[in-house]
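# Working through the structure, step by step
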Amino acid sequence: SVVTRFRAEMTAHGEVRRRRAAQAGQWLWSQLEAQALERLRKDRAVVTAAAGMLGRLSEGSISPRRAAHVVLENQWDTGPKAEA
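About the criteria used
- Residues numbered from 1 in each chain as written.
- Predicted model: local features only at pLDDT ≥ 70, side-chain atom pairs only at ≥ 80, totals over all residues.
- Heavy atoms only, no water.
- Core = buried A, V, L, I, M, F, W, Y, C linked by side-chain atoms within 4.5 Å.
- Buried < 20%, exposed > 50% of the residue type's maximum accessible area, 1.4 Å probe, protein only.
- Helix = DSSP H or I, 4+ residues; strand = E, 2+ residues; numbered from the N terminus.
- Contact = heavy atoms within 4.5 Å.

### Structural notes on the nonpolar core
Core analysis: the biggest nonpolar cluster contains six residues, these being Val46, Met53, Ile62, Ala67, Val70 and Val71. At the level of secondary structure, the elements contributing two or more residues to this core comprise α3 (44-59) and α4 (64-76). Other than its neighbours up to four places away in sequence, valine 46 contacts Leu40, Val71 and Gln75.

Quick look at the structure:
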C-alpha cells in the first residue's frame with residue numbers, strides 16, 4: 001500500500017528516528033514542566049510567598065510576571081533576595 005511504502009522510505013532515510021527523537025525531547029520538557037509545577041504547588045514556602053503577592057496583584061502594584069520572579073528568586077536563589 002501507499003502507506004507501507006511511505007513508512008519504509010521514511011524509515012530508510014532516518015526520518016522516523018529523527019521525528020521520534022524530537023518527540024522524546026518535547027515529552028521530556030513536558031514532563032519537567034509538569035513535575036516542577038507539582039513540586040512548586042506542594043512547597044509551603046512558595047505557596048505562602050505566592051499568597052502574599054495576591055494583595056499586590058489585586059492592587060496592580062506588581063505584575064504577575066514580576067510577582068512570580070520575586071517568589072521564585074526568594075525561594076531558590078542563594079544570593080541577595082529579589083526586591084518586589
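The discussion continues.
### Concerning the environment of arginine 66
Looking at the element boundaries, arginine 66 is found in helix α4. On the basis of relative accessible area, arginine 66 is assigned to the partly exposed category, the value being 31%. The sequence separation of arginine 66 and methionine 53 amounts to 13 residues, and the corresponding C-alpha distance is 10.0 Å.

In short, the description is geometric, and any link to function would need to be established separately.
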